[in-house]
Amino acid sequence: MSLTERLQAELDDIAAAGLTRRRRVLASPCGRTAVVDGRELINFASNDYLGLAGDPALAAAFAHGARQWGTGSGASHLLGGHLEPHEKLETELAAFTGFARALTFSTGYLANLAVTPTLAGRGAAVFADKLNHASLIDAMQLAKANGAAIHRYPHADLSALERLLAASAAASKLIVSDTVFSMDGDLAPLPQLLELAERYDAWLILDDAHGFGVLGENGRGSLAHCGLPAAERILLMGTLGKAAGVGGAFVAGSETAIDYLLQKGRAYIFTTAAPPAVACALSHSLQRIAAGDDLRQRLFAHIARLQDGAAGLPWRLLPSATAIQPLIVGGNAAAVALSDALWQRGLWAPAIRPPTVPAGTARLRLSLSAAHTTDDIDKLLAALRELS
Ligand SMILES: *Cc1c(COP(=O)(O)O)cnc(C)c1O
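Residues numbered from 1 in each chain as written. Predicted model: local features only at pLDDT ≥ 70, side-chain atom pairs only at ≥ 80, totals over all residues. Heavy atoms only, no water.

Contact geometry for helix α4 (residues 108–119) and helix α9 (residues 255–264): axes closest at 10 Å, N-to-C directions at 100°. In this view, α4 runs roughly perpendicular relative to α9, as classed from their interaxial angle. For the pair α4 and α9, contact is made by A114, V115, T118 and L119 and by Y260, L261 and K264, respectively. In terms of residue class, the contact of α4 with α9 is built from five nonpolar, one polar and one charged. (Axes fitted to C-alpha atoms, helices over the stretch in contact; angles between N-to-C directions. Helix = DSSP H or I, 4+ residues; strand = E, 2+ residues; numbered from the N terminus. Parallel < 35°, antiparallel > 145°, perpendicular 65-115°, else oblique. Contact = heavy atoms within 4.5 Å. Nonpolar A, V, L, I, M, F, W, Y, C, P; charged D, E, K, R; others polar.)

The pairing of strands in a sheet happens through backbone hydrogen bonds and is either parallel or antiparallel. Strand order across the open sheet formed by four strands is β10-β11-β14-β13, with antiparallel pairing between neighbours. The open sheet is flanked by β10 (316–317) and β13 (351–352), the only strands paired with a single partner. As defined by bridge partners, strand β11 (residues 324–330) adjoins strand β14 (residues 362–367) across six bridges and the pair is classed as antiparallel. Across the sheet, the residue bridging to Q325 is L366, located in β14. Of the strands in this sheet, β11, β13 and β14 touch helix α13 (residues 332–344), which is tilted by about 35° from β14. (Pairing = 2+ DSSP bridges.)

As a further point, take the site of the ligand. Residues in close proximity to the ligand total 14 residues, the closest being G108, Y109, D207, H210 and K242. H133 is positioned such that a nitrogen or oxygen atom in its side chain is 3.4 Å from a nitrogen atom of the ligand. In the model, an oxygen atom of the ligand is placed 2.5 Å from a nitrogen or oxygen of the H210 side chain. In isolation the ligand exposes 380 Å². Once the protein is present, 81% of that is buried. Those elements that place two or more of their residues in the shell around the ligand are α4 and β8 (234–239). Take the shell around the ligand: its biggest share by element is three residues, from α4. Along the lines of polarity and charge, the residues of the shell around the ligand split into three nonpolar, eight polar and three charged. (Near = heavy atom within 4 Å. Polar contact = N/O pair within 3.5 Å; in protein donor to acceptor, adjacent residues only side chain to side chain. Areas by Shrake-Rupley, 256 points an atom, 1.4 Å probe, with all protein chains shown as cover.)

Taking 1.5 Å of rise per residue, 18 residues should cover 26 Å, and helix α12 (residues 293–310) covers 25 Å from first to last C-alpha, within 8% of that figure. Every buried residue belonging to α12 is among L295, R296, L299, H302, I303, L306 and A310, and all of these are buried. The buried side chains of α12 occupy one side of the element, clustering within an arc of 120° when seen end-on. Exposed and facing more than 90 degrees away from the buried side of α12 are Q297 and D308. Buried-residue contacts for α12 involve α11 (276–290), β10, β11, β14 and α14 (374–387). (Expected span 1.5 Å × (residues − 1). Buried < 20%, exposed > 50% of the residue type's maximum accessible area, 1.4 Å probe, protein only. Arc of directions from axis to C-beta.)

The next subject is helix α7 (residues 190–199). For α7, the full list of buried residues reads L190, L193, L194, L196 and A197. Along α7, the residues classed as buried sweep out an arc of 160° about the axis, all on the same side. Contacts made by the buried residues of α7 are with β5 (149–153), α6 (158–167), β6 (172–178), β7 (202–207), α8 (222–225) and β8. Where α7 ends, the next residue or the one after it, D201, has phi of about 45°, a positive value.

For strand β1 (residues 33–36) and strand β2 (residues 39–43), the ladder comprises four bridges, and the chain directions are antiparallel. Following the sheet pairing, A34 is matched in β2 by L41. What sits between β1 and β2 in their antiparallel hairpin is a turn of two residues, with D37 showing a positive phi close to 50°.

Oppositely charged side chains are able to pair whenever their charged atoms sit close together. Throughout the structure, instances matching the rule amount to 13 salt bridges. One salt bridge in this structure joins R101 and E255, with 3.2 Å as the shortest N-O distance. Residue R101 is found in strand β3 (residues 101–105), and its partner E255 is found in helix α9; the two are separated by 154 residues along the sequence. A relative accessible area of 45% places E255 in the partly exposed class. The partner of E162 in a salt bridge is R199, and the shortest N-O contact between them spans 2.8 Å. You can see E162 sitting in helix α6 and its partner R199 sitting in helix α7, a full 37 residues away along the chain. Under the relative-accessibility criterion, E162 is labelled partly exposed at 25%. Classification of R199 as partly exposed rests on a relative accessible area of 48%. In the salt-bridge network here, residues are joined through shared partners; they are R101, E255 and D259. (Salt bridge = Lys/Arg side-chain N within 4 Å of Asp/Glu carboxyl O.)

In structure tokens, the structure reads:
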């Protein structure tokens, strides 16, 4: 077999298992609806939880930023690509999250790669929730390549985590977890994780991709939601392409921890800084998030309406108090069939299958947004009832 034939054989296996992934081309901006193949669908597939991706004021800040600062940053942050809008955004993110300092990244994937492998090398041990996001898993594999021991504990299982921590003689320990789990929507036991981190003198690395902007007072995120402080041992990653509606990510932490990432984080150092206009749009987005109780109230009203309405369906929603509302279908084919049937009715609710989620738990991942209307939620519920 040639090299290409070997790849093709694997692709054929994926197709035979019904697991081929496919992209839809949108002929419309991210928003409450999406135009695909000439049809307008109500969009339950985006992570634009506050509807800010389509906010004209953000687009204006982006355009103004591009006119003032050009399109590219031209270099990495350490080699001349760190412009005033980047510096301003860092300061604002630190103030907003309550941490001493923050660094920005062009994606959340990259931000996660900059944290765990930088803090965990030889002699360190990483303790990671089994349902962590793929980017945290890849970061953990890099830490392993750097000589760290890695341990995965069953999802949210605090006693298993404590047993692993107690048995470890590592000089430096890192507990790594999503705050809101991206395929289940549930919240990690954050107060208990912080308690364990204190008891075993470990870092606590948290990925707040789905909490930032949505949860807590002023949308400050999952720590605020749980009433937890910006403790020195916490490094908080947040993404800026979901609720913040633009793109990129940040890591916030203590002065020393952030300086360490700046000095040693390869995924921070060896990449071009994001376009400055992105930072301009994000500064505007942060203000909108902070003043966004109207958006959050609408989002949480939609969540409650969906949960009430779904109570009578044959499929159950996972218990989630966040914008991610997974409807468990079970089989891969059944989940895809339900998603297709909704699509025919003008509703875009993507099916998520293994290996992204455990076998037998294929689901519709319903993402709600402040951009939705009450009528959108009712249409989704009516279609689900009709198809049950
Ligand atoms: C989306 C996501 C990321 C990656 O962020 P990007 O900015 O999209 O690269 C990381 N962690 C979690 C939990 C996510 O959901």
